[in-house]
Amino acid sequence: MASSDGSRPPVAVVVVGMAGSGKTTFMQRINSHLHSKRTPPYVLNLDPAVRSVPFESNIDIRDSVNYKEVMKQYNLGPNGGILTSLNLFATKIDQVLGILEKRCLPEAQQSQPSEGSQAQAQPAASTAPSQIPQHILLDTPGQIEVFVWSASGSILLSSLASSFPTVLAYVIDTPRSTSSTSTFMSNMLYAISILYKTKLPMILVFNKTDVKSETEAVEWMRDFEAFQAALQREEEEEMDGGGDGGSGYMGSLLNSMSLVLEEFYNNLSVVGVSSMTGAGTDEFFEKVEEKRQEFERDYKPELDRRRQEREKEKEERREREVARMMKDMRVDREKQGRRKKEEPETVSEAEEESDDENAGLVDPDEVEEADEDDDGLARRYQQALKDGSAQPDASDASFAKYVQAAQMNR
Ligand SMILES: Nc1nc2c(ncn2[C@@H]2O[C@H](COP(=O)(O)OP(=O)(O)OP(=O)(O)O)[C@@H](O)[C@H]2O)c(=O)[nH]1
Ligand SMILES: [Mg+2]
């Protein structure tokens, strides 16, 4: 079991699986198991379409997105509605992570929240180490492909994994998947594609063992001869029942796949549980602990490397943008300089320019006024000359020199 010293970050368990495999019931089971151990988890419901959740969740997608309303507003069907709701929720991932870090990490390990996350995380006071959850549990929508293959699902998973050790619990309906070798193989292929897409450690949870034990399924995984024998049996049964034993193509495909999948099976932890009775829950948490270590050992370095690469790219982009901005500013300054140079340096130039500027902009009233002014000025000038009062004296001459010098220095 996880240590309760509060120094380690909690492990995030993301519950995925085919529709009706028992994800929500399994969530309910592991949630109550952790409560009974006095290590309550932090619970998130990411299924926007669920009518009622049989456990208390700390963050519920339904609080921020109204699935029915999304369907109506965007004119979507049920799956499009779930996908769009998830997309809308994914836009708030910064805030969600802010809250998770505030609630689930000791203060020393909390990263500097972004502006968005700060806003949301503000009301939540820092959690005392003794109250820090050891597990974060996430329930996902029934339509597994909507979560696993959508951009928002990837964003949610990779963001989570960048802050917490993250483990996938792939829930399988044991009675249904062992009803035929092809159903079993489809389920396994789905699991393998998710494993390679998410690159996260995975536990196969064979659920509903109260109805049918997981022994047969585990045998099929561990021993391909057992699987081939089952395949053979199925074909014979079908022939006995009047069929032609299948096309033969399906049989040989399944046969070859069982050989190929051996390596994949080796990477997986397998556990049989019953969400109804609670059998296998302890074993499940042992596997979670193993996978947490695997995450720290194998996945974390890879994630860190990818994050560093992203940071480096971001830094380079920023530098390029700054360089471009500086260049733009230089060009602007040069343009301004040129414009300044073209600006008049002497009063006469300015007068000329203002004359130019006003050229073509003719206000008939002003023309008359200007004529009058000029006439008036000339008259006054002639009058002054006649009076002899406008004779330039010494002080006038020195002032004129000063003005000339000042203009030259400009
Ligand atoms: N017998 C038995 N039934 C189970 C078990 N777990 C779940 N079920 C039943 O399986 C059905 C589906 O369970 P859910 O928990 O709703 O499955 P789900 O994967 O969350 O379903 P969606 O979210 O709709 O995809 C319900 O009728 C459950 O009662 C189990 O361990 N044993
Ligand atoms: Mg469910």
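Whatever comes next refers back to the structure up there.
Residues numbered from 1 in each chain as written. Chains lettered and ligands numbered in written order. Predicted model: local features only at pLDDT ≥ 70, side-chain atom pairs only at ≥ 80, totals over all residues. Heavy atoms only, no water.

**Q** Mind laying out the overall build of the chain, listing which residues take part and the relevant values?
**A** Helix and strand counts for the chain stand at 18 helices and seven strands. Buried residues in the chain amount to 38% of all 410 residues. Contacts in the chain between residues far apart in sequence, at least 24 positions, make up 74% of those at least 6 positions apart. In the structure as shown, the chain presents an accessible area of about 24400 Å², 49% of it carried by carbon and sulfur atoms. (Helix = DSSP H or I, 4+ residues; strand = E, 2+ residues; numbered from the N terminus. Buried < 20%, exposed > 50% of the residue type's maximum accessible area, 1.4 Å probe, protein only. Contact = heavy atoms within 4.5 Å. Areas by Shrake-Rupley, 256 points an atom, 1.4 Å probe, with all protein chains shown as cover.)

**Q** I'd like a rundown of the site of ligand 1, residues and numbers included.
**A** Of all residues adjacent to ligand 1, which total 17 residues, the nearest are K23, T24, T25, D210 and S275. At 2.7 Å from an oxygen atom of ligand 1 is found a side-chain nitrogen or oxygen belonging to T24. The separation between an oxygen atom of ligand 1 and a polar main-chain atom of S275 is 2.8 Å. Contact with the protein chains hides 69% of the accessible area of ligand 1, taken as 640 Å² for the molecule alone. If you tally residues by element for the shell around ligand 1, the top one is helix α1 (residues 23-36), at three residues. For the shell around ligand 1, the class distribution of residues is four nonpolar, nine polar and four charged. (Near = heavy atom within 4 Å. Polar contact = N/O pair within 3.5 Å; in protein donor to acceptor, adjacent residues only side chain to side chain. Nonpolar A, V, L, I, M, F, W, Y, C, P; charged D, E, K, R; others polar.)

**Q** Mind laying out the pattern of salt bridges, listing which residues take part and the relevant values?
**A** Under the criterion given, the structure shown has 15 salt bridges. We note a salt bridge from R297 to D298, for which the minimum N-O separation is 3.2 Å. Where R318 meets E315, a salt bridge forms, and the shortest distance between an N and an O atom there is 3.1 Å. Residue R318 and its partner E315 are both found in helix α15 (residues 281-341); the two are separated by three residues, about one turn of the helix. Taking relative accessible area as the criterion, R318 reaches 45% and is therefore assigned partly exposed. (Salt bridge = Lys/Arg side-chain N within 4 Å of Asp/Glu carboxyl O.)

**Q** Explain the packing of helix α10 (residues 181-198) against helix α12 (residues 224-240) to me, and be specific about the residues and the numbers.
**A** When two helices pack together, their arrangement is given by the angle between the helix axes and the distance between those axes. The N-to-C vectors of α10 and α12 enclose an angle of 140 degrees; their axes lie 10 Å apart at closest approach. Here α10 is positioned oblique relative to α12, judged by the angle of their axes. On α12, the residues touching T181, F184 and M185 of α10 are F227, A230, L231 and E234. Of the residues in the contact of α10 with α12, the class split is five nonpolar, one polar and one charged. (Axes fitted to C-alpha atoms, helices over the stretch in contact; angles between N-to-C directions. Parallel < 35°, antiparallel > 145°, perpendicular 65-115°, else oblique.)

**Q** Requested: an account of a nonpolar patch on the surface, with residues and values cited.
**A** Judged by side-chain polarity, V322, M325, M326 and M329 come together as a nonpolar surface patch covering roughly 370 Å² of accessible area. In this fold, V322 is placed in helix α15. Judged by relative accessible area, which is 42%, V322 ranks as partly exposed. (Patch = residues over 30% accessible without salt bridge, like charges linked within 9 Å, V, L, I, M, F, W, Y side chains within 5 Å.)

**Q** Can you explain the nonpolar core? Please cite residues and give values.
**A** Within the largest apolar cluster, 64 residues are counted, with the highest numbers of intra-cluster contacts made by L100 and L204. Here this core gets seven residues from one element, more than from any other, and that element is α10. For L100, the residues in contact, after removing those within four places along its chain, are Y42, L44, L105, I136, L160 and F164. Residues L34, V53, V205 and F284 belong to the second largest nonpolar core, which totals 22 residues. (Core = buried A, V, L, I, M, F, W, Y, C linked by side-chain atoms within 4.5 Å.)

**Q** Report on empty space enclosed by the protein, specifying residues and quantitative values.
**A** If you walk through the whole model with that rule in mind, you get one cavity of 30 Å³ or more. As a volume, the largest cavity reaches approximately 100 Å³. Elements with a contribution of two residues or more to the lining of the largest cavity: α5 (93-104) and α8 (151-163). In the lining of the largest cavity, the residues fall into 13 nonpolar, no polar and no charged. (1 Å grid on protein atoms, 1.4 Å probe; cavity = no way out; pocket = protein on both sides within 12 Å on 5 of 7 lines; lining within 4 Å. Points joined across faces, edges and corners; volume = space filled by probe spheres on them.)

**Q** I'd love a proper account of the sheet that holds strand β7 (residues 269-272), names of residues and values included.
**A** Backbone hydrogen bonds are what pair the strands of a sheet, in a parallel or an antiparallel way. The strand order across the open sheet formed by seven strands is β3-β2-β4-β1-β5-β6-β7, and the pairing between neighbours is parallel. The two strands at the open ends of the sheet, each matched to only one other strand, are β3 (59-60) and β7. Here strand β6 (residues 202-207) runs beside β7; their pairing, made up of four bridges, is parallel. In the sheet register, F206 faces β7, and the bridge partner there is G272. Here α5 sits on the sheet in contact with β2 (42-45), β3 and β4 (135-139), set at roughly 160 degrees to β2. (Pairing = 2+ DSSP bridges.)

**Q** Summarise the pairing of β6; cite the residues concerned and give the values.
**A** With six of six residues buried, β6 lies mostly within the body of the structure. The side-chain alternation of β6 yields two buried faces, one formed by M202, L204 and F206 and the other by I203, V205 and N207. Where strand β5 (residues 166-173) lies against β6, six bridges are found, and the strand directions are parallel. Bridged to D173 within β6 is N207.

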